[in-house]
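For reference, the chains in residue letters:
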Amino acid sequence: MISKAGSGHPAGSLGMVEVFVTLYFDILNHDPKNPDWPMRDRLILSNGHICPVLYACLAHSGYFSPKQLSSLRKFGSPLQGHPERTKLSGVEITSGPLGSGLAQAAGIALAAKMDGMRFRVFAITSDGEHNEGSHWEAIMFASKYRLTNLTQIIDRNKIQLSGNTEDIMPIEPFVEKYKSFNWHVIEINGHDFDEIKDAISQARNEYQAPTAIIANTIPGKGVSFMENRYEWHGKAPNKIETKKALKELVSHDK
Amino acid sequence: MINKTIKLSKKLNSCRDAFGKALIEAGEKDQNVVVLTADLEESTRVHYFKNRFPERFFDVGVSEQALAAIASGLANYGKTPVITSFATFSPGRNWEQIRTTICINKVPVKIVSTHAGINVGEDGATHQALEDIALMRVLPNMVVISPSDAEETRKAICAALKTKTPVYIRLPRYETKMYTTPRTPFEIGKAVCLWQGKDPKVAIMAAGPSAVKALKAAQTLSKNGIESLVLNNHTIKPIDQEAIVNAAKLTGCVVTIEDHQIKGGFGSAVAETLSELFPVPIEFIGINDSFGESGKPKELLTKFGLTAENIVEKALKAIKRKMI
Ligand SMILES: Cc1ncc(C[n+]2csc(CCOP(=O)(O)OP(=O)(O)O)c2C)c(N)n1
Ligand SMILES: [Mg+2]
């Protein structure tokens, strides 16, 4: 997808494949044929630049034809470079500009609580966007109003755009920060399907606080030359690189 | 100035690169210059400065609001900070910090933002700043510059660093044709007449890289027997009232073009000036009250009418309106 588009964000997208697959094919209560169903669980993607993984899951769940995936970022395509709520069914919010997704998820979770709606809200966020003050404002809000129907899954891949997170803006000790902001925190291996599922069910059974699942991931997972390299945050692979990457990814599947 | 011999470079040049290199020039001349970015080191080309002057370079992380306020503090002390990000985030996200901590405080922070306009392309609406001129030109104490090519970018940076006021400079993402030379005059607040035919019938006023398209349109018009006048309004605030009014008096109608929303942008600044001082028909080219979308820069510029062909069309329309 990204290769055909000629631009985009492969590292974060590849690192979050297991989390998205678990959510879309195992957890979310949703109906692709009825995307506006009021009782659906909401998946709110805050770090919109990893939308290739969102689009792939939406397509394979049945929101639109997987054939459309190759139109990513092209003129006239509903698959915008950053996801837009009004252009593609299944996309809950427009995102790309970082630090605003958790607050929107909190707003939806609050409204659901007010009306006694039982669906859950999952906010996918990134480590890099924890640099934004607005993200922390939402963190405080969610714990103040005990939004237990809100689960945040954080892509802790230790990279951001210009470098490694601990060089650009250190966020450790990360778990302790969430604890001191009165969140329920679970740290997992973000590539382990069982750990992902288990953490989400723990979040479901938490009745005191919102839950943050810190998913430790490897950016560029599955493609040797991309893994753990921030240089692949926002760069499309060329033809040769794409061939190599696809070969590696297919061989993992076997 | 009558100039029919302006040469367009064949090669495309990057305003962003010119900016990055100008910063090194500035840093060498002035120890006080410090550069900050919000996790966009390479995209805004400040990595050149970082490599040359690591002790005067700071990455605040993805936090544009702090970026503006920290720079205000540095300037308050006496440093000359240059802050960079994409225009949607700075001045988009941090507008109030710019208003209060930079403009009301009246400290000389230089805000340089890349990825301004629909030319951003594939990243789509969220990343295409189409409102930044409006946001910045409404602020008292702020100077707003939209350079039209790479060489002019270099001059704008040097000139901005010499002033004692806040300055906002918007730069495109895509590469543009160069048509100015190191000898082309540049003064903040002074529009440049790029072209003036004999007895011109329409004035084309451009801000930013659209100036090149205005020149192409002037050539086409001239071939069809319609002479025009082309102004490069690199400074949007303070707007060059004298040049605008003189051009309107000479031609009797105006076309404006910018890679920005029509509402509140450069064209609006021209309209404010002329409606007060010398009302004439004006045709506006820019984004007409919509957001952008993904696509190749060329595809988007064509869809939204930022082309020489559209300038010609609008020029004919403006001329017609004079007769009514
Ligand atoms: C408000 C805002 N500022 C700047 C950017 C530009 N930007 C896009 S991604 C990114 C890095 C974010 O880090 P992370 O989400 O951890 O990136 P990844 O792990 O996917 O590489 C930045 C600075 C943005 N999208 N939004
Ligand atoms: Mg990251």
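Only a predicted model underlies this, so the values are computations on that prediction, with no experimental measurement involved.

Draft legend 1. Region of the structure containing helix 4 (residues 95–104) of chain B. All names here are of chain B. Within helix 4, the full set of buried residues consists of Gln97, Ile98, Thr101, Ile102 and Cys103. Along the long axis of helix 4, the arc covered by the buried residues comes to 165°, so they all point the same way. On its buried face, helix 4 sits against helix 3 (64–77), strand 5 (110–114) and helix 5 (132–137). Looking one or two residues beyond helix 4, the residue adopting positive phi is Lys106, at roughly 55°.

Draft legend 2. Quick peek at the interface of chain A and chain B. At the junction of the two partners, chain A supplies 27 residues and chain B supplies 25 residues. Sorting the residues of chain A by area buried against chain B places Phe75(A), Pro97(A) and Glu132(A) first, and these three jointly supply 29% of that buried surface. Scanning the region where chain A abuts chain B turns up 2 salt bridges. Arg93(B) is the salt-bridge partner of Glu132(A), the closest N and O atoms lying 3.4 Å from each other. Connecting chain A to chain B are 14 residue pairs in polar contact (both at pLDDT 80 or more). Looking at the side of chain A that touches chain B, its residues break down into 6 nonpolar, 16 polar and 5 charged.

Draft legend 3. Structural view of the environment of Gly197(B). Tracing the backbone shows Gly197(B) in the loop between strand 9 (192–196) and strand 10 (202–206). In sequence terms Gly197(B) and Ser268(B) are 71 residues apart; their C-alpha atoms lie 25 Å from each other.

Draft legend 4. Representation of the domain arrangement of chain B. Residue and element names in this part refer to chain B. According to the domain assignment, chain B consists of domain 1 (12–177) and domain 2 (192–323). For domain 1 and domain 2, the distance between their C-alpha centroids amounts to 26 Å. Contacts between domain 1 and domain 2 engage 33 residues on the former and 37 residues on the latter. Both faces considered, domain 1 and domain 2 share a buried interface measuring about 2,500 Å² in area, 57% of it formed by carbon and sulfur atoms. Three residues stand out in domain 1 for area buried against domain 2, namely Ile118, Leu130 and Arg137, and they jointly supply 29% of the buried area on that side. On the surface where domain 1 and domain 2 come into contact, there are 1 salt bridge. With a closest N to O distance of 2.7 Å, Glu272 and Arg137 form a salt bridge. In this assembly, domain 1 and domain 2 are joined by 22 residue pairs in polar contact (both at pLDDT 80 or more). Broken down by secondary-structure element, the contributors of at least two residues to the side of domain 1 that touches domain 2 are helix 5, strand 6 (143–145) and strand 8 (176–177). Its residues assigned to classes, the side of domain 1 that touches domain 2 shows 15 nonpolar, 9 polar and 9 charged.

Draft legend 5. Region of interest: the packing of aromatic side chains. Applying the stated rule across the entire model yields 8 aromatic pairs over all chains. Relative to Phe181(A), the ring of Trp136(A) has its centre 5.1 Å away and its plane inclined at 50°; by these criteria the two rings are tilted. In this pair, Trp136(A) sits in helix 6 (residues 133–144) while Phe181(A) sits in the loop between helix 8 (174–180) and strand 4 (184–189), placing the two residues 45 residues apart along the sequence. Of the residues examined, Phe181(A) reaches a relative accessible area of 25% and is grouped as partly exposed. Relative to Phe89(B), the ring of Phe86(B) lies with its centre 6.0 Å away and its plane at 25°, an arrangement referred to as stacked.

Draft legend 6. Representation of the sheet that holds strand 12 (residues 235–237) of chain B in the model. Residues and elements named next belong to chain B. Spatial strand order, 3-2-4-5-7-6-12: 7 strands in an open sheet with mixed pairing. The open sheet has two free edges, formed respectively by strand 3 (57–59) and strand 12, since each of these has just one partner strand. Adjacent strand axes in the sheet meet at a mean angle of 20°, parallel and antiparallel pairs treated alike. Where strand 4 (residues 80–86) meets strand 5, 5 bridges bridge the pair, whose relative direction is parallel. Across the sheet, Ser85 pairs through a bridge with Ser113, a residue of strand 5.

Each value, and the rule that gives it
Residues numbered from 1 in each chain as written. Chains lettered and ligands numbered in written order. Predicted model: local features only at pLDDT ≥ 70, side-chain atom pairs only at ≥ 80, totals over all residues. Heavy atoms only, no water. Buried < 20%, exposed > 50% of the residue type's maximum accessible area, 1.4 Å probe, protein only. Helix = DSSP H or I, 4+ residues; strand = E, 2+ residues; numbered from the N terminus. Arc of directions from axis to C-beta. Contact = heavy atoms within 4.5 Å. Buried area = accessible area lost by both parts, 1.4 Å probe. Salt bridge = Lys/Arg side-chain N within 4 Å of Asp/Glu carboxyl O. Polar contact = N/O pair within 3.5 Å; in protein donor to acceptor, adjacent residues only side chain to side chain. Nonpolar A, V, L, I, M, F, W, Y, C, P; charged D, E, K, R; others polar. Domains from an automatic or database assignment. Phe/Tyr/Trp six-rings, centres within 6.5 Å; stacked < 30°, edge-to-face > 60°. Pairing = 2+ DSSP bridges. Axes fitted to C-alpha atoms, helices over the stretch in contact; angles between N-to-C directions.

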